[in-house]
Amino acid sequence: MDEVNIQLSEGAEAEENQKKKRTKGQKQKDVVKKTSTGGKKQKNIAKKLSTEGQKQTMEKKSSMDGQKQKNIATEATTEEVKSVKLLQRMANAKSNLKLALSTTAADYVKLLCVDVEAWEKAHSKITEIGVCLATVSSGLLQSFESRHLIIKEHKHLRNGKWCPDNRDFFRFGKSEILRRHVAANVVSRLLKNCTHVVGHAVEGDLKWLRSLGLEPNRTVFDTQTLAMAIRNQTQTKSLKDLCINIGGFNTFRLHNGGNDAFFTLRLFLRICKVNLKGFEPLQRLIKAAEAAEQTNPEPEKRTKKRPRWRKFSGVQRPSKRPKR
């Protein structure tokens, strides 16, 4: 009996061992299945992320394409607006040229050309005013006068760093040093007596005149816009270039208010085909100015005076000179 019991116990132990082995194998299989399912889940997550990334990149590309299309559309609209503005500008220039030709062909026209110069470091401070008067009747020049007004309050302000300083080189008469309000009164009287106002890039000059309390309620002609109609180009040119290419004469001592006004009015009269050669006083004035320019072609060098220290009560002379 004992032997039988021992055999039964051994068989039970063997069955239990087999069961344990089966359970271990099953656990290993479950672990393998779990790992495989986890890998599949990771693959699915990676696929989802990749698809989401592809969607985001596609959305970015579409947004970039939309932005590019918007930019192209805005560029096209801006170019259209620019072209329309240029066409309007050219049409206005041609209409102004026709008006100028018709006005100079009238029986009596009194023209006033104005050029204002300011200090280069503060444009609100006016230093010079150049005025030039001309009377035209039926395309013939009857009278011509040029004046150069220097503002006394700003006489000490000199250009020369960014803008040429030609204040002392008025070639068509004698400069007049006047106070600001006196110069404004002179220009206001001339504005009342004239019929039309002439200038080159005249908008800046009109602003300076308004700062003096003057409002030119007259028809204004700008030689810069008239030259656009003649050249059939919207690009603006300087007074020097227009005088050489359209007027057929050379300029000198520009950025002097009186000289600029003289050359601007002469250019305007040439554009309007006014006969200038028959008016001898103007020809004599031009010859005298050219002769004066040949005798003194270079501007005189101005030397800055050193500050002199004076003894005042309660004020001591500094030990070091101030830095310049």
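So, here's what we can say about the structure. These figures come from a predicted structure and were not determined experimentally. (Residues numbered from 1 in each chain as written. Predicted model: local features only at pLDDT ≥ 70, side-chain atom pairs only at ≥ 80, totals over all residues. Heavy atoms only, no water.)

Relative to the assigned elements, Thr127 resides in strand E2 (residues 122–137). Setting aside anything within four residues of it in sequence, one finds Thr127 in contact with Glu117, Ala118, Trp119, Leu149, Ile150, Ile151, His154, Leu157 and Arg167. (Helix = DSSP H or I, 4+ residues; strand = E, 2+ residues; numbered from the N terminus. Contact = heavy atoms within 4.5 Å.)

Strand order in the open sheet formed by 6 strands is E4-E3-E2-E1-E5-E6, with mixed pairing between adjacent strands. Each edge of the open sheet carries a strand with a single partner, namely strand E4 (175–178) and strand E6 (219–222). Neighbour-to-neighbour, the strand axes of the sheet open up by a mean angle of 30 degrees, direction not taken into account. Strand contacts of helix H3 (residues 202–211): strand E1 (109–119), E2, strand E5 (196–199) and E6, with the helix running at about 80 degrees to E1, the strand carrying the most contacts. (Pairing = 2+ DSSP bridges. Axes fitted to C-alpha atoms, helices over the stretch in contact; angles between N-to-C directions.)

Attention now moves to the pairing of E1. Sheet faces and side chains relate simply in a regular strand, where the side chains alternate between the two faces. Summarising burial for E1: 10 of the 11 residues are buried, a large majority. The turn linking E1 back onto E2 is made up of 2 residues. Examined bridge by bridge, E1 and E5 share 3 bridges and lie parallel to one another. Looking at the pairing, Leu111 lines up with His196 of E5. (Buried < 20%, exposed > 50% of the residue type's maximum accessible area, 1.4 Å probe, protein only.)

Right, let's talk about the packing of aromatic side chains for a bit. For the structure on display, the rule yields 9 aromatic pairs. Note on Phe170 and Phe172: the rings are 6.4 Å apart at their centroids and 65 degrees apart in plane angle, and the pair reads as edge-to-face. Residue classification places Phe170 among the buried positions, given a relative accessible area of 8%. Ring geometry for Phe249 and Phe263: centres 6.2 Å apart, planes at 20 degrees, overall stacked. You can see Phe249 sitting in the loop between helix H5 (239–247) and helix H6 (257–271) and its partner Phe263 sitting in helix H6, a full 14 residues away along the chain. (Phe/Tyr/Trp six-rings, centres within 6.5 Å; stacked < 30°, edge-to-face > 60°.)

In terms of strand pairing, E5 meets E6 through 4 bridges, oriented parallel. Bridged to Val197 within E6 is Val220. Handedness of the crossover joining E5 and E6 through H3: right-handed. (Right-handed = clockwise from strand over helix to strand, strands pointing away.)

To continue, consider the nonpolar core. Judged by nonpolar contacts, the single largest core of 40 residues is most densely connected at Leu141, Phe144, Phe263, Leu265, Phe268 and Leu269. Where this core is concerned, the elements lending two or more residues are helix H1 (2–104), E1, E2, strand E3 (140–151), helix H4 (223–231), H5, H6 and helix H7 (280–295). Per-element accounting of this core gives the leading share, 8 residues, to H6. In this structure, Val116, Ile126, Ile129 and Leu133 belong to the second largest nonpolar core, which totals 23 residues. (Core = buried A, V, L, I, M, F, W, Y, C linked by side-chain atoms within 4.5 Å.)

Regarding H5, the residues found buried are Leu239, Leu242, Cys243 and Gly247. Down the axis of H5, the sector holding all buried residues measures 100 degrees, keeping them to one side. Positive backbone phi, approximately 80 degrees, marks Gly248, located one or two places after H5. (Arc of directions from axis to C-beta.)

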